[in-house]
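Residues per chain, in single letters:
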Amino acid sequence: MSEQRTEISSLGEFGLIKHLASKIEVKNASTLKGIGDDAAVIDIGNGEVQLISTDMLVEGVHFDLTYLPLKYLGYKAVAVNVSDICAMNGIAEQITVSIAFSNRFPVEAIDELYLGMREACEKYNVDLVGGDTTSSLSGLVISITAIGKAKKEQVVYRSSAGEHDLIVVSGDLGGAYMGLQILEREKQIFKENPSVQPDLDGNDYILQRQMKPEARVDVIQFLKELDVVPTSMIDISDGLASELFHICSASNTGCHIYDEKIPIDAQTSMAAIDFEIDPSTCALNGGEDYELLFTIKQADFDKIKGNPHMTIIGHITDVYDGMYFIDKQGTAIQLQAQGWQHFNS
Ligand code: ADP
Ligand code: MG
């Protein structure tokens with residue numbers, strides 16, 4: 001190692017991954033896609049591929065056990081990994097689970113965690129086939145690897161969006177972020193006055209969006225039934241703006257999205273207004289909705305139009321046109337990818 005010291009925050013999470021990836025060489029012809037998408041793609045012959053994705057959740061960074069019960073955490077940890085396989089237009093079939101925990105956790109706690117994981121495995125028809133168990137000096141760390149399958153010609157990458165393609169999102173956005181704001185607020189109130197009961201009334205939908213997100217396996221199925229293969233796809237873990245950046249930079253395109261088209265649930269909007277946050281900002285920069293963001297050919301417009309699970313929010317443009325968010329007044333605002341910057345203090 002040289003004398004030089006570069007702070008990781010100067011690169012950011014994505015910059016660091018890019019930096020590492022630039023030095024890694026793919027040697028096997030079976031590795032169709034290495035670093036850089038929601039999952040790696042491995043050729044297993046007969047026109048089929050295996051999809052592999054890993055996600056790690058760290059206590060105090062990704063979850064807070066004061067308001068997220070271990071059972072929910074287990075469910076969420078599985079769901080977010082299954083979501084990455086969906087983002088490749090594949091079906092998850094197995095997971096491995098690695099955990100590290102301190103002696104703060106009794107067997108009963110680990111049982112609760114696994115109860116949630118088993119529930120998610122049941123829901124998504126996934127087998128838990130292995131993992132690793134070790135100790136940590138502080139807190140809980142969970143790393144899950146999901147393994148899935150797809151037909152080779154049906155795999156959808158981030159990098160294949162084309163000019164004039166339509167931009168589509170599933171479900172609605174910003175709810176998970178507002179759910180987190182509610183939980184944080186109640187935690188703060190509880191800290192100041194432990195006798196006050198949490199007031200979570202009327203926020204059940206956004207709390208569920210935060211605490212029990214679902215992988216959109218159903219959307220992958222709908223797309224199959226509609227005979228639509230997206231031209232590009234990614235799951236929304238870091239907010240719409242950040243994921244659009246990934247698609248546009250991987251595909252070397254620009255985009256226009258329209259504020260008035262972005263699907264936001266009424267409960268999300270009401271909570272946002274309560275917190276004096278613009279609801280669109282929650283959709284653009286909040287995280288953890290785990291909806292799918294994808295692009296389709298204009299020829300597929302009629303198949304998607306009016307579908308209650310999917311909303312067309314804009315279109316892909318030439319890279320020189322840039323990335324723009326058109327607000328309700330019609331003003332074009334350059335998109336900023338804020339997302340979660342893990343390494344910024
Ligand atoms: P996602 O948000 O879909 O989980 P990430 O942003 O975590 O994706 O990762 C983007 C890409 O970088 C993926 O291909 C992932 O496998 C890869 N990646 C992330 N961290 C590392 C690492 N430490 N070493 C090698 N590859 C990594
Ligand atoms: Mg992803």
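Since the structure is predicted, the reported quantities are computational estimates derived from the model, not experimental observations. (Residues numbered from 1 in each chain as written. Chains lettered and ligands numbered in written order. Predicted model: local features only at pLDDT ≥ 70, side-chain atom pairs only at ≥ 80, totals over all residues. Heavy atoms only, no water.)

Quick notes on the packing of aromatic side chains
Within this structure, the stated rule accounts for one aromatic pair. Ring centres 6.2 Å apart and planes at 50° place the aromatic pair Tyr-75 and Tyr-124 in the tilted group. Taken together, the positions of Tyr-75 in helix H2 (residues 70–86) and Tyr-124 in helix H3 (residues 107–124) put the pair 49 residues apart, joining distant regions of the chain. Neither Tyr-75 nor Tyr-124 differs from the other in exposure class; each is buried. Here the basic side chain of Lys-212 rests over the ring of Tyr-75, its NZ or CZ set 4.2 Å away from the ring centre. (Phe/Tyr/Trp six-rings, centres within 6.5 Å; stacked < 30°, edge-to-face > 60°. Helix = DSSP H or I, 4+ residues; strand = E, 2+ residues; numbered from the N terminus. Buried < 20%, exposed > 50% of the residue type's maximum accessible area, 1.4 Å probe, protein only. Lys NZ or Arg CZ within 6 Å of the ring centre and 35° of its normal.)

Points about the site of ligand 1
What surrounds ligand 1 is the set Phe-14, Ile-17, Ile-35, Gly-36, Asp-37, Asp-38, Asp-55, Asp-84, Arg-158 and Ser-237. Asp-38 has a polar side-chain atom sitting 2.9 Å from an oxygen atom of ligand 1. Here Asp-84 contributes a side-chain N or O atom positioned 3.0 Å from an oxygen atom of ligand 1. For ligand 1, the protein covers 63% of the area, taking 560 Å² as the surface of the free molecule. Residues belonging to the shell around ligand 1 are distributed by class as follows: three nonpolar, two polar and five charged. (Near = heavy atom within 4 Å. Polar contact = N/O pair within 3.5 Å; in protein donor to acceptor, adjacent residues only side chain to side chain. Areas by Shrake-Rupley, 256 points an atom, 1.4 Å probe, with all protein chains shown as cover. Nonpolar A, V, L, I, M, F, W, Y, C, P; charged D, E, K, R; others polar.)

Thoughts on the pairing of strand E9 (residues 253–258)
Here is the key point about a regular strand: its side chains alternate between the two faces of the sheet. Across five bridges, E9 lies against strand E11 (residues 310–318) in antiparallel orientation. Counterpart to Gly-254 in the pairing with E11 is Thr-317. Relative to strand E12 (residues 323–326), E9 is paired through four bridges, and the arrangement is parallel. Bridging across to E12, His-256 finds its partner in Tyr-324. (Pairing = 2+ DSSP bridges.)

With respect to the domain arrangement of the protein
When the domains of the protein are assigned, the result is domain 1 (26–154) and domain 2 (158–334). Its C-alpha centre places domain 1 at a distance of 22 Å from the equivalent point of domain 2. Facing 26 residues of domain 1, the contacting portion of domain 2 comprises 22 residues. For the pair domain 1 and domain 2, the summed buried surface comes to about 2,200 Å²; carbon and sulfur atoms form 55% of the total. The largest contributions to the domain 1 side of the interface with domain 2 come from Tyr-67, Lys-76 and Asn-89, which together make up 28% of the buried area. Seen at the junction of domain 1 and domain 2, the total is five salt bridges. Ionic pairing is found between Arg-158 and Asp-38, a salt bridge with its closest N-O pair at 3.0 Å. Put simply, the parts of the chain that give the side of domain 1 that touches domain 2 at least two residues each are H2 and H3. (Domains from an automatic or database assignment. Contact = heavy atoms within 4.5 Å. Buried area = accessible area lost by both parts, 1.4 Å probe. Salt bridge = Lys/Arg side-chain N within 4 Å of Asp/Glu carboxyl O.)

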